[in-house]
Amino acid sequence: MAAQNGRDMLVKIKNSADEFVTLAGLRSKAFRLNAQAVDITNTDSAQGWKELLPGAGVKSAEISGAGVFRDTDSDALARTAFFEQSIETYRFIIPDFGIVEGPFLLTSLSYAGTYQGEASYELTLMSAGAPSFSAI
């Protein structure tokens, strides 16, 4: 597999027309999968080695991004989702790897700007259910 352009990674939100629209202006994007381990180590554990319970624990996914504020329709969808704290369907596209799609809650939204610079924004999405993965 050849190296991939980071700009080709996309974060999309589903709109009222049941279409996915790209969150505009994002320069950096990240996707994280997390799984909490359940420690079942006890006095019978071989030589005191930690034992973990497979398939247990809480799993989660997180999407984050930062970029230039563009004030597009997708930005309005994200703002509304944050202020209403509604769970929306998002899609994260990783070129030549796969697509992650599912219910996410927008947990962090911030805006910033400097006097001689562009207005920027950052967001964080936390999974609110099981996301799906499909390979590309």
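Our subject is the structure listed above.
What comes next is a walk through the structure. Remember, predicted model here, so these are calculated numbers, not experimental data. (Residues numbered from 1 in each chain as written. Predicted model: local features only at pLDDT ≥ 70, side-chain atom pairs only at ≥ 80, totals over all residues. Heavy atoms only, no water.)

### A closer look at the overall build of the protein
Within the protein one finds one helix and eight strands. The linear arrangement of helices and strands in the protein, starting from the amino end, is β-β-β-β-α-β-β-β-β. By its C-alpha atoms, the protein is 60 × 35 × 35 Å across when sized along the principal axes. Split into buried and exposed, the 136 residues of the protein put 29% on the buried side. Residue pairs in contact within the protein that sit at least 24 positions apart in sequence constitute 60% of those at least 6 positions apart. Carbon and sulfur atoms make up 52% of the accessible area of the protein, which amounts to about 8,700 Å² in all. The distance from the centre of the 11 positive side-chain charges to the centre of the 16 negative ones in the protein is 5 Å. (Helix = DSSP H or I, 4+ residues; strand = E, 2+ residues; numbered from the N terminus. Buried < 20%, exposed > 50% of the residue type's maximum accessible area, 1.4 Å probe, protein only. Contact = heavy atoms within 4.5 Å. Areas by Shrake-Rupley, 256 points an atom, 1.4 Å probe, with all protein chains shown as cover. Lys, Arg positive; Asp, Glu negative; His and termini not counted. Charge placed at Lys NZ, Arg CZ, Asp CG, Glu CD.)

### Comments concerning helix α1 (residues 73-84)
Owing to its 3.6 residues per turn, the α-helix brings residues three or four apart onto one side. Its 12 residues place the ends of α1 16 Å apart at the C-alpha level, agreeing with the 16 Å of an ideal helix rising 1.5 Å per residue. Regarding α1, the residues found buried are S74, D75, A78 and A81. The buried side chains of α1 occupy one side of the element, clustering within an arc of 125° when seen end-on. Away from its buried face, by an angle of more than 90 degrees, α1 presents the exposed residues D73, F83 and E84. Considering only its buried residues, α1 is in contact with β1 (10-14), β2 (20-22), β5 (87-94), β6 (98-113) and β7 (119-127). Directly beyond the C-terminal end of α1, a positive phi value near 50° is found at Q85. (Expected span 1.5 Å × (residues − 1). Arc of directions from axis to C-beta.)

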